[in-house]
Amino acid sequence: MFTTYHNHSNWSDGAASIREMALAAKAAGAGEFGISDHLVVGPRDFFEDARYWSMGLQSFPLYVAEAQKVKAELETEDFHVRIGVETDFFPETAEKVNRFLAQFPLDYIIGAVHFAGNFPIDCRAEFWQSATPDQRDFLWRKYVRRISQCAEELSCDWLAHLDLAKKFGFLPSETCVAELEMLLERCARKGMPIEVNTAGWDKTCAEAYPSPRLLKKAVECGVGILVNADAHATSQIVRHFDEARRQLAALDLKEVVAFEGRRSRSIPL
């Protein structure tokens with residue numbers, strides 16, 4: 001049995017319905033499928049309501065209701081539907097998001113950072129290409145601070161795509177990598193998992209998030225691990241899962257993390 005939890009439907013920036021994504025996961029042999037559409041609640045209306053890839057607060061109850069309907073229709077003894085969300089961390093709105101999401105019967109909340117201040121980390125390669133090396137390093141350092149804050153201040157169950165800022169091939173400095181390694185040590189102490197996000201293999205960086213070095217550090221520290229596809233289409237539900245499992249097995253990892261009702265458990269890799 002394996003899980004695939006980080007998936008997006010047409011409630012945010014996915015191409016298919018929740019039901020279509022769930023059926024694709026079932027056909028691929030997953031024992032647990034989770035939906036986790038984007039909820040971006042930033043310090044300005046630009047982030048909250050106008051992002052084409054995010055739900056607004058007003059849509060979220062309807063999203064949960066549709067996911068519950070799919071769960072009731074498709075769930076069996078051998079196939080479970082989990083309901084989650086991927087929500088961005090902003091220090092200005094974290095407490096608002098925590099209070100809002102606590103009202104809903106979610107199975108998990110994924111903490112993410114897609115913005116370093118006003119800079120959209122993973123939007124367009126041109127934004128990074130037009131920056132100077134010093135500016136890129138500044139953005140990387142800001143991103144690392146934000147993902148570290150996310151682990152502490154957002155009521156989330158795991159961290160998404162830990163080194164997302166490498167997406168377009170602009171890699172972090174040794175200082176930033178060291179700070180991410182320290183973050184992993186803190187995650188281990190507080191029981192905060194991370195994911196192997198296999199979408200990175202299809203990006204310019206050509207490796208999963210996190211990097212092999214950071215993943216090795218996570219396993220050595222005892223950080224819980226999930227394998228997720230960050231799927232935005234039915235064809236991506238289990239993309240590169242075999243490679244992710246090989247990478248984890250090479251690190252002698254035996255178990256990964258599963259979620260239900262905001263509670264984690266271990267399952268065999």
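Throughout what follows, the structure given in this document is the object of discussion. For clarity, every value in this text was computed on a predicted model and none was experimentally measured. (Residues numbered from 1 in each chain as written. Predicted model: local features only at pLDDT ≥ 70, side-chain atom pairs only at ≥ 80, totals over all residues. Heavy atoms only, no water.)

Some remarks on the nonpolar core
Here is step 1: One finds Phe33, Leu39, Phe60, Leu101, Leu106, Tyr143 and Leu159 to be the most contacted residues of the largest nonpolar core, which totals 91 residues.
Here is step 2: Looking at this core, the element that brings in the most residues is helix 6 (residues 133-153), giving 7 residues.
Here is step 3: Residue contacts for phenylalanine 33: discarding those within four places in its chain leaves Thr4, Tyr5, Asn7, Ile18, Met21, Ala22, Ala25, Phe79, His80, Val81, Arg82 and Ile237. (Core = buried A, V, L, I, M, F, W, Y, C linked by side-chain atoms within 4.5 Å. Buried < 20%, exposed > 50% of the residue type's maximum accessible area, 1.4 Å probe, protein only. Helix = DSSP H or I, 4+ residues; strand = E, 2+ residues; numbered from the N terminus. Contact = heavy atoms within 4.5 Å.)

Points about the packing of helix 6 against helix 7 (residues 174-190)
Here is step 1: Contact geometry for helix 6 and helix 7: axes closest at 10 Å, N-to-C directions at 5 degrees. It follows that helix 6 is roughly parallel to helix 7 by the angle criterion. Across the interface between the two elements, Asp137, Trp140, Arg141, Val144, Ile147, Ser148, Ala151 and Glu152 from helix 6 touch Cys176, Glu179, Leu180, Leu183, Arg186 and Lys190 from helix 7.
Here is step 2: Residues belonging to the contact of helix 6 with helix 7 are distributed by class as follows: 7 nonpolar, 1 polar and 6 charged. (Axes fitted to C-alpha atoms, helices over the stretch in contact; angles between N-to-C directions. Parallel < 35°, antiparallel > 145°, perpendicular 65-115°, else oblique. Nonpolar A, V, L, I, M, F, W, Y, C, P; charged D, E, K, R; others polar.)

What to know about the side chain of glutamate 195
Here is step 1: For glutamate 195, the position within the fold is in strand 9 (residues 194-197).
Here is step 2: Among the polar contacts listed, one links the side chain of glutamate 195 to the side chain of histidine 6, at a separation of 3.1 Å.
Here is step 3: Residues in contact with glutamate 195, not counting those within four places in the same chain, are His6, Trp158, Leu159, Ala160, His161, Tyr209, Pro210, Leu226 and Asn228. (Polar contact = N/O pair within 3.5 Å; in protein donor to acceptor, adjacent residues only side chain to side chain.)

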